[in-house]
Amino acid sequence: MNSHIEKAMALRNEVPMVNNCAQTLLRVYADELGLNEETAANLACNFGGGMKCGGTCGVITGALMILGAKGITDAGKVNSVRKEIALSHEGLTDCAELLKANAAKGGEKKAHCDSMIKQAIEIIDKLQ
């Protein structure tokens, strides 16, 4: 398994779980970005839950922060994150809508978000 995914799932499986999707992603890449994990978590704390209001998913915003910190600013690469995630989730990119669609299918929230985190890591690692 990808070491980034392994670390992300370890963070998500902590009890109690204290990392939202964006925080998980930023903490996974913290060392590579020259950040300590606490700073990474603090930077991303307000992006979970779709910026705490059901807006754009924290997986997307977290991934975009990582790409920016890595100097990846090409519009095509940046937009591919949102497009790839939307394509695999019925065109949805807002947290509230993603969770509602998942629940309608009988899905569990944590498993859904964990899957999206894994997907974002695969996209980020591919773009590097």
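First, a word on scope: everything that follows refers to the structure included in this document.

What counts, and at which threshold
Residues numbered from 1 in each chain as written. Predicted model: local features only at pLDDT ≥ 70, side-chain atom pairs only at ≥ 80, totals over all residues. Heavy atoms only, no water. Helix = DSSP H or I, 4+ residues; strand = E, 2+ residues; numbered from the N terminus. Buried < 20%, exposed > 50% of the residue type's maximum accessible area, 1.4 Å probe, protein only. Arc of directions from axis to C-beta. Contact = heavy atoms within 4.5 Å. Axes fitted to C-alpha atoms, helices over the stretch in contact; angles between N-to-C directions. Parallel < 35°, antiparallel > 145°, perpendicular 65-115°, else oblique. Left-handed = near helix turned anticlockwise from the far one by under 90°. Nonpolar A, V, L, I, M, F, W, Y, C, P; charged D, E, K, R; others polar. Salt bridge = Lys/Arg side-chain N within 4 Å of Asp/Glu carboxyl O. Core = buried A, V, L, I, M, F, W, Y, C linked by side-chain atoms within 4.5 Å. Expected span 1.5 Å × (residues − 1). Polar contact = N/O pair within 3.5 Å; in protein donor to acceptor, adjacent residues only side chain to side chain.

**Some words on unusual backbone geometry**
- The peptide bond linking Val 15 to Pro 16 adopts the cis configuration, its omega dihedral lying at -5°.
- Residue placement: Pro 16 occurs in the loop between helix H1 (3-12) and helix H2 (21-33).
- One non-glycine residue with positive phi stands out, namely Lys 52, at about 60°.
- By the element assignment, Lys 52 lies in helix H4 (residues 48-54).
- By relative accessible area, Lys 52 is classed as exposed at 59%.

**Some remarks on H1**
- Listing the buried residues of H1 in full gives His 4, Ile 5, Ala 8, Met 9, Leu 11 and Arg 12. Across the axial projection of H1, the buried residues extend over an arc of 155°, all falling on one side.
- Against H2, helix H3 (37-44) and helix H8 (109-127) lie the buried residues of H1.

**Things to note about the packing of H1 against H2**
- Relative orientation of the contacting elements H1 and H2 amounts to 135°, with a least axis distance of 9 Å. Taken together, the axis directions place H1 and H2 in an arrangement best described as oblique. Crossing hand, H1 versus H2: right-handed. Every residue of H2 that contacts H1 at His 4, Lys 7, Ala 8, Leu 11 and Arg 12 is listed here: Cys 21, Thr 24, Arg 27, Val 28, Tyr 29 and Glu 32.
- Residues belonging to the contact of H1 with H2 are distributed by class as follows: five nonpolar, two polar and four charged.

**Some thoughts on the environment of Ala 63**
- Relative to the assigned elements, Ala 63 resides in helix H5 (residues 58-69).
- Exposure remark for Ala 63: the relative accessible area of 1% places this residue in the buried category.
- In this structure, the C-alpha to C-alpha distance between Ala 63 and Tyr 29, residues 34 residues apart in sequence, is 9.9 Å.

**Side note on the pattern of salt bridges**
- Scanning the model with the defined rule gives seven salt bridges in all.
- For Lys 126, the salt bridge is made with Glu 84, and the minimal N-O distance between the two is 2.7 Å. On the criterion of sequence distance, the pair formed by Lys 126 in helix H8 and Glu 84 in helix H6 (residues 75-87) is long-range, its members being 42 residues apart.
- Relative accessible area serves as the criterion here: at 27%, Glu 84 is assigned to the partly exposed category.
- Residues joined in a network through salt bridges with shared partners are Lys 7, Arg 27 and Glu 37.

**Re the nonpolar core**
- With 34 residues, the main nonpolar core has Val 59 and Ile 117 as its most contacted residues.
- Those elements that provide at least two residues to this core are H1, H2, H3, H5, H6, helix H7 (95-104) and H8.
- Sequence-distant contacts of Val 59, defined by excluding residues within four places in its chain, comprise Cys 21, Leu 25, Ile 85, Met 116, Ile 117 and Ala 120.

**Some details on H8**
- Counted at 1.5 Å a residue, the expected span for H8 with its 19 residues is 27 Å, and the 27 Å between its end C-alpha atoms agrees.
- Looking at H8, one finds that the buried residues are His 112, Cys 113, Asp 114, Met 116, Ile 117, Gln 119, Ala 120, Ile 121, Ile 123, Ile 124 and Leu 127.
- Buried residues in H8 make contact with H1, H2, H5, H6 and H7.
- One side-chain oxygen at the N-terminal end of H8 lies 3.2 Å from the backbone nitrogen of Lys 110; it belongs to Glu 108.

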